[in-house]
Amino acid sequence: AQSVTQLGSHVSVSEGALVLLRCNYSSSVPPYLFWYVQYPNQGLQLLLKYTSAATLVKGINGFEAEFKKSETSFHLTKPSAHMSDAAEYFCAVIDDKIIFGKGTRLHILP
Amino acid sequence: DTEVTQTPKHLVMGMTNKKSLKCEQHMGHRAMYWYKQKAKKPPELMFVYSYEKLSINESVPSRFSPECPNSSLLNLHLHALQPEDSALYLCASNGGRNRGGYTFGSGTRLTVV
């Protein structure tokens, strides 16, 4: 069965600094990987998706993620954090259903 | 229209009440889902409908009763809930090709008193 592991339940970065949220996957077949963002009291919004077309995937709000098969990773990055990026981020993989990681709360420090 | 719409946004109900949550999408997606999300946790799958037929029930108590009247609508009927059922209930749809990901609604915040 496929799974994803998010390293760090909380990440704090200063406004303007690099954002790095880590996700590692476990899959015996090429995975379909996703990052979702959830703002307080909101549903989940798709940030970006990897579907094997390109290893570097660009998403909304300036986020991107790189699929690295050798490291079984799909880390999410953004060059410069903004206060509005404070939210919960979920990495996910699709098997016969979508499987979420435990989530990472991103805090932005002024 | 690329949205999943859920109503109501907030619901407070007593343990003896009967209420329904509604979900609607007009993207032509033939798979629809109900998720339950507790605070600080990822969403947990409850039910999956595929082509208006219930295909997955993740051992959800019978006080939750899903219904799919047509390809655009998904309901979740609630009866005799417990306070521990208080959570954010999310609806999602999928176009049937996993590479597209799921589209989620904004959720219904349910409080059982």
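Above this text is the structure in question.
Only a predicted model underlies this, so the values are computations on that prediction, with no experimental measurement involved. (Residues numbered from 1 in each chain as written. Chains lettered and ligands numbered in written order. Predicted model: local features only at pLDDT ≥ 70, side-chain atom pairs only at ≥ 80, totals over all residues. Heavy atoms only, no water.)

### Brief notes about the sheet that holds strand S3 (residues 18-25) of chain B
Residues and elements named next belong to chain B.
Item 1. If you walk across this open sheet you meet the four strands as S1-S3-S8-S7, and the pairing is antiparallel. Two strands lie at the open edges of the sheet, namely strand S1 (4-7) and strand S7 (64-70), each paired on one side alone. With strand direction ignored, the average angle separating the axes of adjacent strands in the sheet is 20 degrees. (Pairing = 2+ DSSP bridges. Helix = DSSP H or I, 4+ residues; strand = E, 2+ residues; numbered from the N terminus. Axes fitted to C-alpha atoms, helices over the stretch in contact; angles between N-to-C directions.)

### Examining the interface of chain B and chain A
Item 1. On the chain A side, the residues contacting the 18 residues of chain B number 19 residues.
Item 2. Summing both partners gives a buried area of about 1600 Å² for chain B against chain A, and 56% of it is carried by carbon and sulfur.
Item 3. Residue Lys-97 of chain A is joined to Glu-58 of chain B by a salt bridge in which the shortest nitrogen-to-oxygen separation is 2.9 Å.
Item 4. Remark: the boundary between chain B and chain A carries six residue pairs in polar contact (both at pLDDT 80 or more).
Item 5. Looking at the side of chain B that touches chain A, the elements that each hand over two or more residues are strand S4 (31-37) and strand S9 (87-94) of chain B.
Item 6. Along the lines of polarity and charge, the residues of the side of chain B that touches chain A split into eight nonpolar, six polar and four charged. (Contact = heavy atoms within 4.5 Å. Buried area = accessible area lost by both parts, 1.4 Å probe. Salt bridge = Lys/Arg side-chain N within 4 Å of Asp/Glu carboxyl O. Polar contact = N/O pair within 3.5 Å; in protein donor to acceptor, adjacent residues only side chain to side chain. Nonpolar A, V, L, I, M, F, W, Y, C, P; charged D, E, K, R; others polar.)

### Details of the environment of Leu-56 of chain A
Item 1. Here Leu-56 of chain A is to be found in strand S6 (residues 56-58).
Item 2. Excluding residues within four positions of it along the chain, Leu-56 of chain A makes contact with Glu-64, Ala-65 and Glu-66 of chain A.

### Some points on the state of the cysteines
All names here are of chain A.
Item 1. If you walk through the whole model with that rule in mind, you get two disulfides over all chains.
Item 2. Across the disulfide, Cys-23 is cross-linked to Cys-91 (sulfur-sulfur distance 1.9 Å). Torsion about the S-S bond of the Cys-23 and Cys-91 cystine: about -60 degrees, corresponding to left-handed handedness. Here Cys-91 lies in strand S9 (residues 87-94) and Cys-23 lies in strand S3 (residues 19-26), a separation of 68 residues in the sequence.
Item 3. For Cys-23, a relative accessible area of 0% corresponds to the buried category. (Disulfide = S-S within 2.5 Å. Buried < 20%, exposed > 50% of the residue type's maximum accessible area, 1.4 Å probe, protein only.)

### A look at the sheet that holds strand S8 (residues 73-78) of chain A
Residues and elements named next belong to chain A.
Item 1. Read from one edge of the open sheet, five strands run S1-S3-S8-S7-S6, paired in antiparallel fashion. Whereas interior strands pair on both sides, the edge strands pair on one side only; in this sheet they are strand S1 (3-7) and S6. Each adjacent strand pair in this sheet contributes to an overall mean axis angle of 20 degrees, direction not counted.
Item 2. Of the strand pairs in this sheet, S1 and S3 are connected by five bridges, and their pairing is antiparallel. When the sheet's bridge partners are listed, Thr-5 is paired in S3 with Asn-24.

### Remarks on the side chain of Ser-72 of chain B
Residue and element names in this part refer to chain B.
Item 1. Here Ser-72 is to be found in the loop between S7 and strand S8 (73-79).
Item 2. For Ser-72, a relative accessible area of 18% corresponds to the buried category.
Item 3. Contacts of Ser-72, omitting those with residues within four sequence positions, involve Cys-23, Glu-24, Gln-25, His-26 and Met-32.

Read these as spatial facts, not as claims about activity.
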